[in-house]
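Close look at the chain arrangement
Take a look at the letters that make up each chain.
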Amino acid sequence: MHNFIVGTGKYVYKVEHPFGLLSSGLSWGNTSHVATDSSGNVYVYQRQDPPILMFGREGQFLDSWGNDQLMDAHGLFITSNDEVFVCDRDAHQVVKYDLQGNILLKIGRRDKPALQKPFNHPADIAVSSDGDIFVADGYANSCIHHFSSKGVHIKTWGAWGSDPGQFITPHGIWVADDRVYVCDRENNRVQIFDTNGVYITKWTGFFHPMDIFIDSENVVFVTDQVPGMTMLDLDGNVITRIRTPFNAHGIWVDMDGNMYSAGNEELVTKYIKL
């Protein structure tokens, strides 16, 4: 059990690792992502059945679902009205659930990868405040897809490369205030676009940025493979940097400002804000 202090200034945390106590008969697989719902419950997306594990705020096991439905856990996003979106990477699909695990929507043709079209091993997903869906199609494509709230394709942008608007591995994505933020992992940058895909700017100073989260106070959290966490304002100014004990493949910040990270064999870490 790790239990030490990281961070500076207003952003100081106590590290709790591992977070989450499984019930009898369940075991951990490689964890890919983590998110919280409007009640503060914690959802972990892992690469074995059951793919979704649900915990209370203190780590008590509550539920699991998704058996025999998802092939390869990657991105996870929970909206403010508790819609759960997952990227099923190697099935080439995005699936939308309710909190009980009922399927509400599927985007993409299962087991039918498409070059520079939806999808070819998608990495992550984000939903805007008006319900539009943005997907970082990052592992065999190098592009971003924009869909309506009903899953109707609106636009695709991006291509392989290192120029502005190009990607090598668009790995993490977030949407806030009509801006789309993309962790362009192997290019060591976060690229920023408007929601029409028009390039605005980039932020550098990361080593293989993995995931991004923007909280209600417009603080941007970017995790990379140092391993570390960088916090910035919306102008890209660094607020603080934290050395994290593990590579954080997926990150989330709950309503109380606590951070959660998930990272393959490193399970789930909770950073309790002090």
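Worth saying up front: this structure is predicted, and the values here are computed from it rather than measured.

1. Some points on the sheet that holds strand β7 (residues 73-78)
- Strands sit in the order β7-β8-β9-β10 across an open sheet of four strands; the sheet is antiparallel. Only two strands of the sheet have a single neighbouring strand rather than two, namely β7 and β10 (103-107). Pairs of neighbouring strands in the sheet enclose a mean axial angle of 20°, with direction left out of account.

2. Observations concerning the packing of aromatic side chains
- On inspection of all chains with the given rule, the structure shows 16 aromatic pairs.
- Judged by centre distance (5.7 Å) and plane angle (55°), the rings of F119 and F147 are tilted. In this pair, F119 sits in the loop between β10 and β11 (124-127) while F147 sits in strand β13 (residues 143-147), placing the two residues 28 residues apart along the sequence.
- A relative accessible area of 2% means that F147 is categorised as buried.

3. Examining the environment of A73
- In this fold, A73 is placed in strand β7.
- Taking the relative accessible area as the measure of exposure, A73 reaches 2% and is therefore buried.
- A sequence separation of 46 residues divides A73 from S27, and the C-alpha atoms of the two residues are 16 Å apart.
- Excluding residues that lie within four positions of it along the chain, A73 makes contacts with S32, Y45, Q46, R47 and C87.

4. Focus: the pairing of strand β19 (residues 211-214)
- Here β19 shows a buried face lined by D211 and F213 and a second buried face lined by I212 and I214.
- Relative to strand β20 (residues 220-224), β19 is paired through four bridges, and the arrangement is antiparallel. Bridge assignment links D211 to a residue of β20, and that residue is T223.
- Taking the residues between adjacent antiparallel strands as the criterion, β19 and β20 are bridged by five residues, where N218 takes a positive phi near 65°.

What counts, and at which threshold
Residues numbered from 1 in each chain as written. Predicted model: local features only at pLDDT ≥ 70, side-chain atom pairs only at ≥ 80, totals over all residues. Heavy atoms only, no water. Pairing = 2+ DSSP bridges. Helix = DSSP H or I, 4+ residues; strand = E, 2+ residues; numbered from the N terminus. Axes fitted to C-alpha atoms, helices over the stretch in contact; angles between N-to-C directions. Phe/Tyr/Trp six-rings, centres within 6.5 Å; stacked < 30°, edge-to-face > 60°. Buried < 20%, exposed > 50% of the residue type's maximum accessible area, 1.4 Å probe, protein only. Contact = heavy atoms within 4.5 Å.

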